[in-house]
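Reading the structure
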Amino acid sequence: MIDNTSNTGYLIEDLVLSSSECHELIHSFLPQTAKHAGIRHLMSNPKVSKLAYDPRLIKIAKRFLGHCAYPFRATLFDKSKTANWLVTWHQDTALPLKSEFNMLDWGPWSKKEGIIYAHAPTWALSRVIALRVHFDDSTSENGPLKIISGSHLEGVLSDQEILSYRKMHKSIECLVKQGGILAMRPLLIHSSSKSLIDKPRRVLHIEYADSLKLAPNIELAIA
């Protein structure tokens, strides 16, 4: 049965990973994150893939997706005083795909590091959930994610519609301890501010779908 937290579009699960698990995982990324604010397309990393299929994460994803949850994309975000950025209010609408096709409501198309992407319609994005694994405490000072609860139910919105919706609804700061997981729907309107302190906020963002084949001739790529 799908959990009723799907109505809010998010949940926070504390203490899913131990401190030692977090340290072991982030240590494998340190040489790469030293020069970058994040790393895309990490499903090819054996440690990331193992974590993505961990029963603890699959169980959380299934609370939103139902009986099946398949990881297909993983991205590391490494926000710190030296790699700092502001993210304005938006929805996550681009999906990695195995091949291009011509279908209404898909696009525009792009390619990132050899992976084909298209902005997807509401019906496809409603079959996706993202789990944000926190390797550090997320606090009010280090640029935590802010969300508007239930906003995913509005479907895909234009930039102007997102701004108008934001003005009419309160936001929530998602503060998550090390080892905790924030699960969120991609269409949930969200943002984050710059970090105010010299302390990292490293998050592994893993996305799951109820099937890699969303429709005939529409298949998600592993990225």
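Before going into details, it helps to say that this report is about the structure given with it. The model shown is predicted, which means the values in this text are computed figures rather than measured ones.

1. Some thoughts on the pattern of salt bridges
A complete count under the given rule lists eight salt bridges for this structure. Linking Asp-54 and Arg-56 is a salt bridge whose minimum nitrogen-to-oxygen distance equals 2.9 Å. The exposure class assigned to Asp-54 is buried, which follows from its relative accessible area of 16%. The partly exposed category is assigned to Arg-56, whose relative accessible area is 31%. A salt bridge links Arg-202 to Asp-136, with the nearest nitrogen and oxygen atoms 2.7 Å apart. Placement of Arg-202 in strand 13 (residues 201-209) and of Asp-136 in the loop between strand 8 (128-134) and strand 9 (145-147) is noted, with a sequence separation of 66 residues between them. Among the residues examined, Arg-202 registers a relative accessible area of 16% and is labelled buried. Connected through salt bridges with shared partners, the residues Glu-21, Asp-54 and Arg-56 form a single ionic network.

2. Considering the side chain of Arg-132
Secondary-structure assignment places Arg-132 in strand 8. Here Arg-132 is buried and forms no salt bridge, its nearest opposite-charge partner Asp-92 lying at an N-O distance of 6.4 Å.

3. Observations regarding the environment of Gly-114
For Gly-114, the position within the fold is in the loop between strand 6 (109-112) and strand 7 (115-119). Gly-114 gets classed as exposed once you look at its relative accessible area, which sits at 58%. Once the C-alpha coordinates of Gly-114 and Ala-223 are considered, the two residues, 109 residues apart in sequence, prove to be 9.8 Å apart.

4. Regarding helix 1 (residues 19-27)
Those residues of helix 1 not exposed but buried are Cys-22, Leu-25 and Ile-26. The arc that holds the buried residues of helix 1, viewed along the axis, is 90°, so those residues lie on one side. Turned more than 90 degrees off the buried face of helix 1, the exposed positions are Ser-20 and His-27.

5. What to know about helix 4 (residues 55-65)
Residues lying three or four places apart along an α-helix face the same way, a consequence of the helix completing one turn every 3.6 residues. Of the residues making up helix 4, those classed as buried are Leu-57, Ile-58, Ile-60, Ala-61, Phe-64 and Leu-65. Down the axis of helix 4, the smallest arc covering the buried residues is 160°, so these residues share one side. Opposite the packed face of helix 4, turned more than 90 degrees from it, sit the exposed residues Pro-55 and Lys-59. Considering only its buried residues, helix 4 is in contact with strand 1 (10-13), helix 3 (46-52), strand 3 (70-79), strand 8, strand 11 (181-184) and strand 13. Taking the backbone nitrogen of Arg-56 as reference, a side-chain oxygen 2.8 Å away marks Asp-54 as the first, capping residue of helix 4. Looking one or two residues beyond helix 4, the residue adopting positive phi is Gly-66, at roughly 100°.

6. Topic: the sheet that holds strand 9
Judged by pairing direction, the sheet is antiparallel, and its four strands sit side by side in the order 4-12-9-10 without closing on themselves. Of all strands in the sheet, those bounded by a partner on one side alone are strand 4 (87-90) and strand 10 (172-174). In this sheet, adjacent strand axes meet at a mean angle of 25° when their direction is disregarded.

7. A short note on the pairing of strand 7
For strand 7, the buried fraction is high: four of the five residues fall into the buried class. Relative to strand 7, strand 5 (residues 94-97) runs antiparallel, the two being bridged by four bridges. Within strand 7, the residue paired with Leu-95 across the bridge is Ala-118. Note that strand 6 and strand 7 share four bridges and pair antiparallel. Paired with Lys-111 across the bridge in strand 7 is Ile-116. In this antiparallel pair of consecutive strands, strand 6 and strand 7, the connection spans two residues, and Glu-113 shows a positive phi of 50°.

Thresholds, definitions, all that
- Residue positions are given per chain, counted from 1 along the sequence in the order it is written.
- Two thresholds apply to this predicted model, a pLDDT of at least 70 for residue-level local features and 80 or more for giving and counting side-chain atom pairs, whereas whole-chain, interface and lining totals are computed over all residues.
- Side-chain measures were taken over the full set of non-hydrogen atoms in the model, leaving aside hydrogen atoms and water.
- Should a side-chain nitrogen of Lys or Arg be within 4 Å of a carboxyl oxygen of Asp or Glu, the pair is scored as a salt bridge.
- Three exposure classes are used, based on accessible area relative to the maximum for each residue type with a 1.4 Å probe and protein chains only: buried under 20%, partly exposed in between, and exposed over 50%.
- In DSSP terms, a helix is any run of H or I states spanning at least four residues, a strand is any run of E spanning at least two, and both are numbered starting from the N terminus.
- Neither His nor the chain ends is counted toward charge; the positive residues are Lys and Arg and the negative residues Asp and Glu.
- By arc we mean the arc of the directions from the helix axis to the C-beta atoms, nothing more.
- Contacts are assigned to residue pairs with any non-hydrogen atoms lying within 4.5 Å of each other.
- Each polar contact in these results corresponds to two N or O atoms within 3.5 Å; when the atoms are within protein, one needs to be able to donate a hydrogen and the other to accept it, and residues that are neighboring in sequence are counted only if both atoms are side-chain atoms.
- Between any two strands, pairing holds if DSSP finds at least two bridges.
- To define axes, lines are fitted to C-alpha atoms, for helices over the stretch in contact only, and angles between the resulting N-to-C directions are given on a 0 to 180 degree scale.

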